[in-house]
Amino acid sequence: MRKIAVFISGEGSNASKMLINFREREGLEVALVYSSRPNENLKVLCEDFGIVYQYRPWNDPEKIKLLEFCKKMRIDWVVLAGFLKLIPAAFIAHFPNKILNIHPALLPKFGGKGMYGMHVHNAVIHAKEIESGITIHYVNGAYDEGQIIKQFRVSISENETSETLSTKVRTLEHKYFSDTVAELIMSNKT
Ligand code: GAR
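Here is what the cut-offs are and how they apply
Residues numbered from 1 in each chain as written. Predicted model: local features only at pLDDT ≥ 70, side-chain atom pairs only at ≥ 80, totals over all residues. Heavy atoms only, no water. Helix = DSSP H or I, 4+ residues; strand = E, 2+ residues; numbered from the N terminus. Buried < 20%, exposed > 50% of the residue type's maximum accessible area, 1.4 Å probe, protein only. Salt bridge = Lys/Arg side-chain N within 4 Å of Asp/Glu carboxyl O.

A. Up close: unusual backbone geometry. At the junction of leucine 107 and proline 108, the peptide bond is cis and its omega measures out at 10° in the coordinates. Considering the arrangement of structural elements, one finds proline 108 in the loop between strand E5 (99-103) and helix H5 (117-126). One non-glycine residue with positive phi stands out, namely aspartate 144, at about 65°. You can see aspartate 144 is positioned in the loop between strand E6 (131-138) and strand E7 (148-155). The class for aspartate 144 is buried, based on a relative accessible area of 14%.

B. Quick look at the pattern of salt bridges. A full pass over the atoms with the stated rule returns eight salt bridges. Linking arginine 25 and aspartate 179 is a salt bridge whose minimum nitrogen-to-oxygen distance equals 2.7 Å. Placement of arginine 25 in the loop between helix H1 (13-23) and strand E2 (28-35) and of aspartate 179 in helix H6 (residues 162-187) is noted, with a sequence separation of 154 residues between them. The exposure class of aspartate 179 is partly exposed, given its relative accessible area of 29%. Between lysine 71 and glutamate 68 there is a salt bridge, with the nearest N and O atoms lying 3.7 Å from each other. Placement of both lysine 71 and glutamate 68 in helix H3 (residues 65-72) is noted, with a separation of three residues, approximately one turn of the helix. The class for lysine 71 is partly exposed, based on a relative accessible area of 37%.

Encoded structure:
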């Protein structure tokens, strides 16, 4: 059984999809959801599914215990599903190539510190790109610079706005993120 921790900072719509998707699968278990902001929906879903839910502000001094907590729970993989904080080096060292992230654009463009949510879609529209999409990638010590695993694309129409693009990208995330993560984890032999 591969035990997974999901980290979130926002609404948690991708995390919810993942919890529901993985419940139907053998060999994968979401054991922990850590949220850096209070998230009542995820808390309730975790209670229903018997998953440990932890909310703690990221700048809380106790946050350094998150790695200890994951070790104690024997977590194998960490999935960042809209998690906006930089993962510390010690954490990455403990989970080499076992931390995955989703980004709402086609990296290496439109990534880096401060590039999240609508900031990304605004930048894509401003740059007059003809396509955008999602990138699922490994996490290293720099924002959005880890090795790319898979990308899914959408075309941008002439009258596209940041809002309509955001809806298109969100649809891609909900359709592909959970399955891609599940397939990757199940095919990994390390
Ligand atoms: C998602 O669009 C995800 O791609 C993005 O945060 C959103 C979280 O939505 N992540 C980043 O921007 C990372 N740089 P959710 O909380 O509803 O799943």
